Amino acid sequence: MLKKIINLFLLIIFVFIFLNVILAFVWPYITDSKLKSQKFYDDEILKILGIEKNEESAFYKQMWIDRKFKYLQFTGQYEKETLNQKYVNITKDNGRKIINKKNCIKNFFFYGSSHTFGYNVKDNQTIPANFKKIIDKAYPNKIFCVYNFGSASHFSTQETIFFQTHILKQKIKEDDFIFFLEGISEKGNQSSRIDSIINHLFKATTYNYWDKYKFTFPYFFDSLPLIQLYKRISQKISIKKSKKNNPGEELKKKDEILYVFQKNVNFRKAICKELGLNCFTFLLHYPIISGVYDSRILKNKNLKEEKKYYLEHYELLKNTKGIIDIKNVLDNETELSYVDKGHYSPNASFAIANKIYLNIAKSIK
């Protein structure tokens, strides 16, 4: 009897290992096959992006599947550099790809969240990339460099620290231009995406040698393909069952949000004045409350609550001293301003870039 139990136990272990190995091998192929058969963007969006239907899955894969994050000292998470790709490229030292010449006489640095990075648009369709086109046309005989250091979920505290690290690494020099593009990412003294992970990893250094398994085993078990598959299925079920969340929940910390944002703007102004930099903080327009949008394309069932939240958030941040409010830049647009729930279309990105240029043109010497 004992022998049968042992054999059954060993068989279960063998089957478990076998299934994990097989799943680990076939999962990437299943994902690629599934991507090719799915539709991710409305036809109108594809037209705006200049992407053919047969390119749709490849574009989506580069933007959402293959794009990863890395840890950046002091700053937190940042977009991980990529190999040479067709639509989405991030370089180690220069952020998202913008074609710059060498020996630039002046540099323009952009910091911000996913709106600055340019989600769901190609490299040459982001706000910084469009700014490069505008400034090259305005100054054809001068060599200017533009850098896009936007990243998903970045907010004013992260951006300010990121900016400081570039100063310390001598990437930013006197008389350079610094642009911070702000808006809906501001939520006060929030944690970055990576803070809880780093905190947990650091705890591992305090374990005794004989207790290391307490840290490593849960990670090992969680990494198994079968466990990951189970989590994916459970997550999809829970999303379908979950109730609508309250988008205005963060605004319970109104005083804190405004205080943190104002202090970060003040920090930047002080640093820039001391180092002879041209720094500007722009308050961007908000999704739904400005620009041209299509509720069918946005696929948002909670549009009224979202609009209320965005209006309240904008009304809060517009009181910040030392910023330039360009919220109404898309009021006269006729083409769709968004490619998804909140990220700008190429046309909207150009309009924003042009507005930024018009606000700082007199400062360029």
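Conventions and cut-offs
Residues numbered from 1 in each chain as written. Predicted model: local features only at pLDDT ≥ 70, side-chain atom pairs only at ≥ 80, totals over all residues. Heavy atoms only, no water. Helix = DSSP H or I, 4+ residues; strand = E, 2+ residues; numbered from the N terminus. Buried < 20%, exposed > 50% of the residue type's maximum accessible area, 1.4 Å probe, protein only. Contact = heavy atoms within 4.5 Å. Areas by Shrake-Rupley, 256 points an atom, 1.4 Å probe, with all protein chains shown as cover. Lys, Arg positive; Asp, Glu negative; His and termini not counted. Charge placed at Lys NZ, Arg CZ, Asp CG, Glu CD. Polar contact = N/O pair within 3.5 Å; in protein donor to acceptor, adjacent residues only side chain to side chain. Axes fitted to C-alpha atoms, helices over the stretch in contact; angles between N-to-C directions. Parallel < 35°, antiparallel > 145°, perpendicular 65-115°, else oblique. Left-handed = near helix turned anticlockwise from the far one by under 90°. Nonpolar A, V, L, I, M, F, W, Y, C, P; charged D, E, K, R; others polar. Salt bridge = Lys/Arg side-chain N within 4 Å of Asp/Glu carboxyl O. Pairing = 2+ DSSP bridges. Disulfide = S-S within 2.5 Å. Phe/Tyr/Trp six-rings, centres within 6.5 Å; stacked < 30°, edge-to-face > 60°. Lys NZ or Arg CZ within 6 Å of the ring centre and 35° of its normal.

A. Structural view of the overall build of the protein chain. Across its full length, the protein chain carries 13 helices and nine strands. Counting only C-alpha atoms and orienting by the principal axes, one finds that the protein chain spans roughly 90 × 50 × 45 Å. Out of the 365 residues belonging to the protein chain, those deemed buried represent 44%. When contacts within the protein chain are restricted to residue pairs at least 6 apart in sequence, those whose partners lie at least 24 apart make up 76%. Working note: accessible area of the protein chain is about 21,400 Å², and carbon and sulfur atoms make up 57% of it. A gap of 4 Å separates the mean positions of the 59 positive and 37 negative side-chain charges of the protein chain.

B. Region of the structure containing the side chain of arginine 67. Here arginine 67 shows up in the loop between α3 (56-65) and β1 (69-72). A distance of 2.7 Å separates polar atoms of two side chains, one belonging to arginine 67 and the other to glutamate 79. One polar contact links arginine 67 to tyrosine 119, side chain to side chain, over a distance of 2.8 Å. With residues up to four places along the chain from it excluded, the contact list for arginine 67 reads Lys61, Gln62, Glu79, Val88, Ile90, Phe117 and Tyr119.

C. Molecular detail of the packing of helix α10 (residues 254-275) against helix α12 (residues 303-317). Direction vectors running N to C along α10 and α12 enclose 50°, while the axes themselves pass 10 Å from each other. Classified by the angle their axes make, α10 and α12 are oblique. Of the two elements, α10 crosses α12, and the hand of that crossing is right-handed. Contact residues: Lys254, Ile257, Leu258 and Phe261 in α10; Glu312, Leu316 and Leu317 in α12. Of the residues belonging to the contact of α10 with α12, the class tally is five nonpolar, no polar and two charged.

D. Representation of the pattern of salt bridges. Summed over all chains, the structure comprises 17 salt bridges. Two residues, glutamate 81 and lysine 70, come together in a salt bridge whose shortest N-O distance is 2.9 Å. Of the two residues, glutamate 81 is situated in the loop between β2 (76-79) and β3 (90-91) and lysine 70 in strand β1; the sequence distance between them amounts to eleven residues. Exposure remark for glutamate 81: the relative accessible area of 31% places this residue in the partly exposed category. Note that glutamate 159 is salt-bridged to arginine 268, the shortest N-O span being 3.4 Å. Taken together, the residues glutamate 159 in helix α6 (residues 156-168) and arginine 268 in helix α10 connect sequence positions 109 residues apart.

E. The pairing of strand β7 (residues 177-182), seen in detail. The buried fraction of β7 is high, at six of six residues. Side chains of β7 alternate between two faces, with Phe177, Phe179 and Leu181 and Ile178, Phe180 and Glu182 buried alike. Bridging between strand β5 (residues 106-112) and β7 involves five bridges; their strand directions are parallel. The partner of phenylalanine 110 across the bridge, within β7, is phenylalanine 179. Here β7 pairs with strand β8 (residues 278-283) via six bridges, running parallel. Residue pairing across strands places isoleucine 178 opposite cysteine 279, the latter belonging to β8.

F. Region of the structure containing the state of the cysteines. In this structure the tally under the stated criterion is two disulfides. The side chain of cysteine 104 participates in a disulfide bridge whose partner is cysteine 145; the two sulfur atoms lie 1.8 Å from each other. Disulfide cysteine 104-cysteine 145: the torsion about the S-S bond is 55°, which places it as right-handed. Of this pair, cysteine 104 sits in the loop between β4 (95-96) and β5 while cysteine 145 is found in strand β6 (residues 144-148), placing the two residues 41 residues apart along the sequence.

G. Geometry of the packing of aromatic side chains. Counted by the stated rule, this structure contains 38 aromatic pairs. On the numbers, 5.6 Å between centres and 75° between planes, the contact of phenylalanine 149 with phenylalanine 162 is edge-to-face. A residue pair is termed long-range when its members are at least 10 positions apart, and phenylalanine 149 in the loop between β6 and α6 and phenylalanine 162 in helix α6 qualify at 13 residues. For the pair phenylalanine 149 and phenylalanine 162, one class covers both residues: buried. Among the aromatic side chains, those forming a connected cluster through ring pairs are Phe108, Phe110, Phe131, Tyr139, Phe144, Phe177, Phe179, Phe280 and Phe282. One residue, arginine 67, lies across the ring of tryptophan 64, its end atom 5.6 Å from the ring centre. Above the ring of phenylalanine 180, the side-chain terminus of arginine 268 is found at 3.8 Å from the ring centroid.

H. Spotlight on unusual backbone geometry. Positive phi is not limited to glycine here, since asparagine 120 has a value of about 65°. Relative to the helices and strands, asparagine 120 is located in the loop between α4 (114-117) and α5 (127-138). Residue classification places asparagine 120 among the buried positions, given a relative accessible area of 4%. Its identity is not glycine, yet isoleucine 288 carries a phi of approximately 75°, on the positive side. In this fold, isoleucine 288 is placed in the loop between β8 and α11 (295-298).

I. Up close: the packing of helix α1 (residues 2-37) against α3. The contact between α1 and α3 brings their axes to 9 Å, and the two run at 125°. By the criterion of interaxial angle, the relationship of α1 to α3 is oblique. With respect to the hand of their crossing, α1 and α3 are arranged in right-handed fashion. Note on element contacts: α3 touches α1 through Ser57, Tyr60, Lys61 and Ile65, opposite Asp32, Leu35 and Lys36. For the contact of α1 with α3, the residue count by class is three nonpolar, one polar and three charged.

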